[in-house]
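# Coordinate analysis (summary)
In case you want the letters, here they are:
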Amino acid sequence: MDTKFIGKKSAAAGGWGALKSCGKQLLQSGMPLSGARTMLKANQADGFDCPGCAWGDPEHGSSFEFCENGVKAVAWEATEKRATPAFFEANTVSQLRQLTDYELELNGRLTHPMRYDGASDRYLPVSWEDAFAEIGGILKGLDNPDRAEFYTSGRASNEAAFLYQLFVRIYGTNNFPDCSNMCHEASGIAMRQAVGVGKGTVLLEDFEEADAIFVIGQNPGTNHPRMLGDLRRAAIRGARVVVFNPIRERGLERFSDPQDKIEMMRGGSTDIASHYLQPQLGGDMAAVRGMAKAVLAAEDAAVAAGLPSVLDHAFLTAHCAGFQEYRAAVEATSWAEIEDQSGLRREQIERAAEVYIKAERVICTWAMGVTQHLDSVATIREIANFMFLRGNIGRPGAGLCPVRGHSNVQGDRTVGINEQPPEDFLDALEKHFGFAVPRRHGHNVLAAIGAMLDGSAEAFIGLGGNFARATPDSALVEKALRRLKLTVHIATKPNHSHLMPGEASFILPCLGRTEMDRDAAGGSQLVSVEDSMSMVHGSAGINRPASPHLLSEVAIIAGIAEAAVGSAVVDWAELAGDYDRIRDHIEATIPGFEDYNKRLRKPRGFHLRNAAAHREWKTPAGKASFSSGPLPEETVHQRARKGEGRFALQTFRSHDQYNTTVYGLDDRYRGVYGERQVVFIHPEDLKTMNAGAGERVDVIGEHDDGIERIARDFRFVPYDIPRGSIAGYYPELNVLVPLGSAGKESDTPTSKSIMVSFRRRNAA
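Read on for an overview of the structure. (Residues numbered from 1 in each chain as written. Predicted model: local features only at pLDDT ≥ 70, side-chain atom pairs only at ≥ 80, totals over all residues. Heavy atoms only, no water.)

### A closer look at the layout of surface pockets
Taken as a whole, the largest pocket holds about 1300 Å³ of empty space. Around the largest pocket, the lining is made up of 40 residues, and of these Arg192, Gly198, Lys199, Thr414 and Pro422 lie nearest the centre. At the level of elements, α9 (185-195), α21 (409-414) and α22 (423-433) are the ones that each hand at least two residues to the lining of the largest pocket. Its residues assigned to classes, the lining of the largest pocket comprises 12 nonpolar, 17 polar and 11 charged. (1 Å grid on protein atoms, 1.4 Å probe; cavity = no way out; pocket = protein on both sides within 12 Å on 5 of 7 lines; lining within 4 Å. Points joined across faces, edges and corners; volume = space filled by probe spheres on them. Helix = DSSP H or I, 4+ residues; strand = E, 2+ residues; numbered from the N terminus. Nonpolar A, V, L, I, M, F, W, Y, C, P; charged D, E, K, R; others polar.)

Following this line, the structure appears as structure tokens:
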């Protein structure tokens, strides 16, 4: 069996490997010197916001505020390669469909607006005017505005997102399938229920004061590497970092900071996790409840011995509702149930709880390892319960911190990208702009796909992203897109979503985050974004656009809007010509944006006030609210072990990837090189199957809807992962994620809990 693709894992995250990777990416872009100069302006007060992750920027920023993945994102965008009309002339859509995601996007930046020609199976150039006119005509011709779906990627700016939602609501629908539906929807829902605000309660500076940081279902080394610097500094000053993650991730074990000259010269690194626990897939809620059970037991012991209380009774009395009910639920949960569901031993959980008890200030962070499960909302409520016990909300160095993915996914939701918008926001729009705002709830991602499949949706417009590759059930999504009357993709590079055209299909190329955007008078336009800590800051590109034919996202939205709804309500050209005017409208309709234009131009921007961080609870009870439900009846790993040869699968990113964008074929933190079709599995599970490293298998989805789902020709990689749990990369494994399996309340695809089995390739 061929195992050449399995190699040595990096000794630590970051370090010389990160610097080498940065150099490789800049060279591959074809613009190494200008790319390096560009990076000096990343996340700077007078530069652009990194188009990668949503990790916050410190108030006291260093001279360098970028990471390896930031370099990859900028080099990917600032490449000298161009996907010109000649590229599309030389390749039919059917031919392009045979390329991998990496091979397709490697062709470079789009340069001209393109329209699909079914007769030749090619994209042909089209003028902006004709594209807008035809798109607007098709939208106007639909018999109901709810027959159109308007998708948004988290890379869109606040200004583009606000203009987009304004256009769509004037058009007459709340159909806003959004990338947040597939990642942190559960976080927003659970936190609104628990503390009244669907955003994190901490600032970046709180990481400098925390005594303990609990990291649950999160891999910052790959997904938001700048976070590792904050975890490293916390560990160095003695804070404890407690990790819950089924996979042993290098960035959570050790990190070598490329900005620490002494550490780099010595080839050293810093331990990150003081405690590393590997629960089974879906076992996080049980693990957190186990810690709460240990905390309550410690409280009882302290009371019996006449010692100081473990619980923060002042906080519980003044600020919390439902504590006694929660305590009863915890006491009713046995340790046997907790151990079986979490996959952890009682002693491991109690040691983690001891860290919590001894810490005065605690932050809990999480990401998609928590949010992409069936019971994600209940799990996040349990995390909030745990943090309430010792008052770790609303004081320095403590709080809840869901770490978002794309750079402005949180900001898009703040400015109105929401299929279930709050009534006060709709009231404000209606009053300010003077039009009848649609009130019926619209479609999220899964509902939009369902509407495309059943024919009730006929048009799709994507503001960024790669919808077909980001969504579950890949084969069904391709079928859904190709049956539409209209598909429109606003993008910077060709991707696979573009290769699933409807009757009329357009690719509209836009400016990237790093590129100069000129206003009507020739001056530089400024856009804004919001990070995971609710900091809003400006971003202005510095590079010359990849093509003179590119338009900004704002200008493209304005052009479509003018053609589809006219200018009776809004002067779209005026707003596209001066983004300050868009921000004036945001200020007039959304609380927290007072003096928007003035505050945005201050270094590092401004903070959107978080009521929960000030212990103001906008919940029905008027207090921080405990939840007291039982543990899930059964998790995916408990179901899997009932059937012979079945496993619980989670999908995740490789280290050479961000979301659906693949920068390269190596994953040096996990020791995989030049290969993406792999399955990480415990060595003992391989022995049980009489299989070996590198053996080829088909991965078979196990779902009860009668649909065959197969990911073909994958290879085994032995790895440190709980027995019965496996992992592999998306989007390659998205074909196995059923549309019919979604989180309770969140409706998020359960990409971290997929039931699968294997079929040997030589047994077919």
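### Let's talk about the packing of aromatic side chains
For the structure shown, the criterion picks out 30 aromatic pairs. When the ring of Tyr596 is compared with that of Phe606, the centres are 5.8 Å apart and the planes differ by 85°; the resulting orientation is edge-to-face. Residue Tyr596 is located in helix α29 (residues 596-600), and its partner Phe606 is located in strand β20 (residues 606-607); the two are separated by 10 residues in the primary sequence. In terms of burial, Tyr596 and Phe606 fall into one category: buried. Here the aromatic cluster, defined as three or more aromatic residues joined through ring pairs, consists of Phe315, Phe323, Tyr326, Phe388, Trp617 and Phe626. It is Arg248 that lies over the ring of Tyr276; its NZ or CZ is 4.1 Å from the centre. (Phe/Tyr/Trp six-rings, centres within 6.5 Å; stacked < 30°, edge-to-face > 60°. Buried < 20%, exposed > 50% of the residue type's maximum accessible area, 1.4 Å probe, protein only. Lys NZ or Arg CZ within 6 Å of the ring centre and 35° of its normal.)

### Regarding the pairing of strand β7 (residues 212-216)
Taken across its five residues, β7 has five buried, putting it largely inside the fold. Burial of β7 is two-sided: the residues Ala212, Phe214 and Ile216 facing one way and the residues Ile213 and Val215 facing the other way are all buried. Pairing between β7 and strand β8 (residues 240-244): five bridges, direction parallel. Of the residues in β8, the one forming a bridge with Val215 is Val243. Judged from the five bridges that link them, β7 and strand β13 (residues 362-366) form a sheet pairing that is parallel. Looking across to β13, one finds that Val215 is bridged to Thr365. (Pairing = 2+ DSSP bridges.)

### Focus: the state of the cysteines
Each disulfide is one covalent bond, formed between the sulfur atoms of two cysteines. One pass over the full model with this rule turns up zero disulfides. For Cys179, which is in no disulfide, the shortest distance to another cysteine sulfur is to Cys183 and amounts to 5.5 Å. On the basis of relative accessible area, Cys179 is assigned to the buried category, the value being 14%. Cys364 provides the cysteine sulfur closest to Cys401, a residue in no disulfide bond, and the two sulfurs are 9.0 Å apart. (Disulfide = S-S within 2.5 Å.)

### Regarding the pattern of salt bridges
According to the stated counting rule, one finds 50 salt bridges in the structure shown. Residues Glu574 and Arg581 are paired through a salt bridge, measuring 3.4 Å at the closest nitrogen-oxygen approach. Among the residues examined, Glu574 registers a relative accessible area of 37% and is labelled partly exposed. A residue is classified by how much of its surface remains accessible, and Arg581, at 39% relative accessible area, is partly exposed. The partner of Glu695 in a salt bridge is Arg760, and the shortest N-O contact between them spans 3.0 Å. Placement of the pair is Glu695 in the loop between α31 (683-688) and β28 (696-701) and Arg760 in strand β31 (residues 754-760), with a sequence separation of 65 residues. Through salt bridges with shared partners, one network takes in Arg696, Asp698, Asp713, Arg759 and Arg761. (Salt bridge = Lys/Arg side-chain N within 4 Å of Asp/Glu carboxyl O.)

### Considering empty space enclosed by the protein
A water-sized probe, rolled over the atoms, reveals where empty space remains. Using the criterion set out here, one finds seven cavities of 30 Å³ or more in the structure. Of the pockets and cavities examined, the second largest cavity occupies roughly 340 Å³. As for the second largest cavity, its lining consists of 32 residues, of which Gly217, Asn223, Met368, Gly369 and Lys752 are closest to the centre. Where the lining of the second largest cavity is concerned, the elements lending two or more residues are α10 (220-223), α19 (368-371) and β22 (647-652).

### Section: the sheet that holds strand β5 (residues 122-125)
One open sheet accounts for six strands, arranged β5-β4-β17-β16-β15-β6; its pairing is mixed. The open sheet terminates on both sides in strands that have one partner only, identified here as β5 and β6 (148-152). For this sheet the average axis-to-axis angle between neighbouring strands, irrespective of direction, equals 20°. As judged from the two bridges shared by strand β4 (residues 114-117) and strand β17 (residues 504-509), these two strands associate in the antiparallel manner. Residue pairing in the sheet places Met114 in a bridge with Ile507 of β17. Each of β4, β6, β15 (459-463), β16 (486-491) and β17 touches helix α7 (residues 128-141); the most contacted strand, β17, lies at about 135° to it. (Axes fitted to C-alpha atoms, helices over the stretch in contact; angles between N-to-C directions. Contact = heavy atoms within 4.5 Å.)

### Quick word on the sheet that holds strand β9 (residues 254-256)
A sheet is described by the order of its strands in space; here three strands give the open sequence β1-β9-β10, paired in mixed fashion. Strands at the two margins of the open sheet, each flanked by one partner only, are β1 (13-14) and β10 (270-271). Bridge analysis of β1 against β9 gives two bridges, and the strand direction is parallel. In the sheet register, Ala13 faces β9, and the bridge partner there is Phe255.

### What about the packing of helix α23 (residues 445-454) against helix α25 (residues 474-482)?
Running from amino to carboxyl end, α23 crosses α25 at an angle of 60°, the nearest separation of the two axes being 8 Å. Judged on the interaxial angle alone, α25 and α23 are oblique. Here α23 and α25 pass one another in a crossing that is left-handed. Residue-level contacts link Ile449, Met452 and Leu453 of α23 to Leu476, Val477, Lys479, Ala480 and Leu481 of α25. (Parallel < 35°, antiparallel > 145°, perpendicular 65-115°, else oblique. Left-handed = near helix turned anticlockwise from the far one by under 90°.)

### Some remarks on the packing of α22 against helix α28 (residues 579-589)
Between two packed helices, the angle of one axis relative to the other and the distance separating the axes together describe the packing. Following both chains from N to C, one finds α22 and α28 inclined at 125°, their axes separated by 9 Å at the closest point. Looking at the two axes, α22 sits oblique to α28. Crossing hand, α22 versus α28: right-handed. Mapping the contact onto sequence places Phe425, Ala428, Leu429, His432 and Phe433 in α22 and His585, Ala588 and Thr589 in α28. Of the residues contributing to the contact of α22 with α28, the split by class is five nonpolar, three polar and no charged.

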